[in-house]
Amino acid sequence: MSKFITFEGPEGSGKTTVLHEIAQRLESEGWEVIVTREPGGVKTGEDIRKILLEGEAIDDRSEALLFAASRREHLVNKVLPSLREGKIVLCDRYIDSSLAYQGYARGIGVEEVRSINEFAINGLYPDLTLYLDIRAAVGIQRINDNQRAQNRLDQEKLDFHEKVVEGYRQIIHNEPNRFAVINAEQSIEEVVNSAYESIIKYLEKI
Ligand code: TYD
């Protein structure tokens, strides 16, 4: 059975830290795990990411198409081979980021962005998606406190990030079975524990 697990959340939700902690715990329990994120070291994907996050502002639909293209490169060259080897794939952001950021927050439309992404992923939805739930303002405050480097999308105004959160809530509401919603306003340790429990529950079921 496939073990494709994605992590989603707005800026400052602690996603990346949590994901790495979880990978270590799973590995210490004897699971084979790969941690990845788009573009995940796949050369063409990296090139596309540069345009997206460091380049000049681009048209909203071009942005959505480039994210989808980068997603496909990463999926075909990294995710699928790892899943075929039976590994647990923990992926930092995937289709739901495009639905929330491009579809909802940018205003292109969730269903429009879903359709280009369904073309890109060709049926490969995650088996489980952990959503790290945090209010936009709390997440942004965390980023500012940690003085983390900011990319082009981080620099959007607070109301953009509030829309991202609203977008995620809507997506989860329409597809509740794929998601585990984790309260990300707890301490990192508590977030890791809750996320880990959800993953183990899924792994025990398959
Ligand atoms: P990244 O540096 O990975 O940030 P984070 O730690 O927040 O995941 O940057 C990814 C940025 O790109 C982030 O602001 C979210 C955005 N993004 C989209 O808008 N659409 C997408 O499909 C993906 C994957 C990311």
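Labelled according to an unreviewed UniProt entry, the chain appears under the name Thymidylate kinase, originating from Staphylococcus argensis. The chain has a UniProt comment under Sequence similarities (unreviewed entry) that states "Belongs to the thymidylate kinase family." Within the UniProt record for the chain, the comment given under Catalytic activity (unreviewed entry) is "dTMP + ATP = dTDP + ADP".

Trainee: Help me understand the sheet that holds strand E5 (residues 179–183) in this model?
Mentor: Sheet strands line up and pair through hydrogen bonds in the backbone, either parallel or antiparallel. In spatial order, the strands read E2-E3-E1-E4-E5; together these 5 strands make up an open sheet with parallel pairing. Because the sheet does not close on itself, it has two edges, and the strands there are strand E2 (33–37) and E5. Pairs of neighbouring strands in the sheet enclose a mean axial angle of 20°, with direction left out of account. Docked against the sheet, helix H1 (residues 15–28) engages strand E1 (4–8), E2, strand E3 (88–92) and strand E4 (128–133), running at close to 170° with respect to E3. Relative to E4, helix H8 (residues 188–205) is tilted by about 165°, and along the sheet it contacts E1, E3, E4 and E5.

Trainee: Explain the site of the ligand to me, please; I cannot follow it from the model alone.
Mentor: The local shell around the ligand holds 16 residues, among which Lys 15, Arg 71, Arg 93, Ser 98 and Gln 102 are the closest. Between an oxygen atom of the ligand and a side-chain N or O atom of Glu 11, the distance comes to 3.0 Å. In the environment of the ligand, an oxygen atom lies 2.9 Å from a nitrogen or oxygen atom belonging to the side chain of Lys 15. If the ligand stood free it would expose 540 Å²; the protein chains cover 91% of that surface. Those elements that provide at least two residues to the shell around the ligand are helix H2 (43–54), helix H3 (60–84) and helix H4 (95–105). Per-element tally for the shell around the ligand: the top contributor is H4, with 4 residues.

Trainee: Before we go on, may I ask you to explain the packing of aromatic side chains in this structure?
Mentor: By convention here, two paired aromatic rings are described through the distance between centres and the angle between planes. Counting across every chain of the model gives 3 aromatic pairs. Measuring from ring centre to ring centre gives 4.9 Å for Phe 4 and Tyr 94, while their planes differ by 75°; the resulting arrangement is edge-to-face. Of this pair, Phe 4 sits in strand E1 while Tyr 94 sits in the loop between E3 and H4, and the two are 90 residues apart along the sequence. Tyr 94 matches Phe 4 in its accessibility class, with the two residues each being buried. Consider the rings of Tyr 101 and Phe 160, whose centres lie 6.2 Å apart with planes at 55°: the pair is tilted.

Trainee: Just checking my understanding: could you explain the UniProt feature "binding site: ATP" (unreviewed entry) in the chain for this structure?
Mentor: Within the UniProt annotation, "binding site: ATP" (unreviewed entry) is assigned to Gly 9, Pro 10, Glu 11, Gly 12, Ser 13, Gly 14, Lys 15 and Thr 16. If you trace the backbone, Gly 9 turns up in the loop between E1 and H1. Gly 9 gets classed as buried once you look at its relative accessible area, which sits at 0%. Setting aside residues no more than four positions away along its own chain, Gly 9 makes contact with Lys 15, Arg 93, Tyr 101, Tyr 131, Leu 132 and Tyr 168. With respect to the helices and strands, the residue Lys 15 is situated in helix H1.

Definitions and cut-offs
- Along each chain, numbering runs from 1 in the same order as the chain's sequence is written.
- Predicted model: local features are reported for residues with pLDDT of at least 70 only, side-chain atom pairs are reported and counted for 80 or more only, and whole-chain, interface and lining totals are derived from all residues.
- Here the side-chain values reflect all heavy atoms present in the structure, with hydrogen atoms and water set aside.
- UniProt positions are given in the numbering used here, feature names are shortened, and annotations may be inferred rather than shown by experiment.
- For two strands to be treated as a pair, DSSP must find at least two bridges joining them.
- Comment: elements are numbered from the N terminus, with helices defined as DSSP H or I runs of at least four residues and strands as E runs of at least two.
- Here an axis means a line fitted to C-alpha atoms, over the contact stretch when the element is a helix, while the angle between two N-to-C directions is reported on a 0 to 180 degree scale.
- The contact criterion used throughout is that any non-hydrogen atoms of two residues lie within 4.5 Å.
- Being near a molecule or strand, for a residue, comes down to having at least one heavy atom within 4 Å of it.
- Throughout this description, a polar contact denotes any pair of N or O atoms lying within 3.5 Å of each other; where both atoms belong to protein, one of them has to be capable of donating a hydrogen while the other can accept it, and for residues adjacent in sequence the pair is counted only when both atoms sit in side chains.
- The method behind every accessible area is Shrake-Rupley, applied with a 1.4 Å probe, and residues are considered shielded solely by the protein chains displayed.
- Here a pair means two rings of Phe, Tyr or Trp (six-membered ring of Trp) with centres within 6.5 Å. Their orientation is stacked below 30 degrees between planes, edge-to-face above 60, and tilted elsewhere.
- The cut-offs for exposure are 20% and 50% of the maximum accessible area for each residue type, with area from a 1.4 Å probe on protein chains only; residues under the lower value are buried, those over the upper are exposed, and the others partly exposed.

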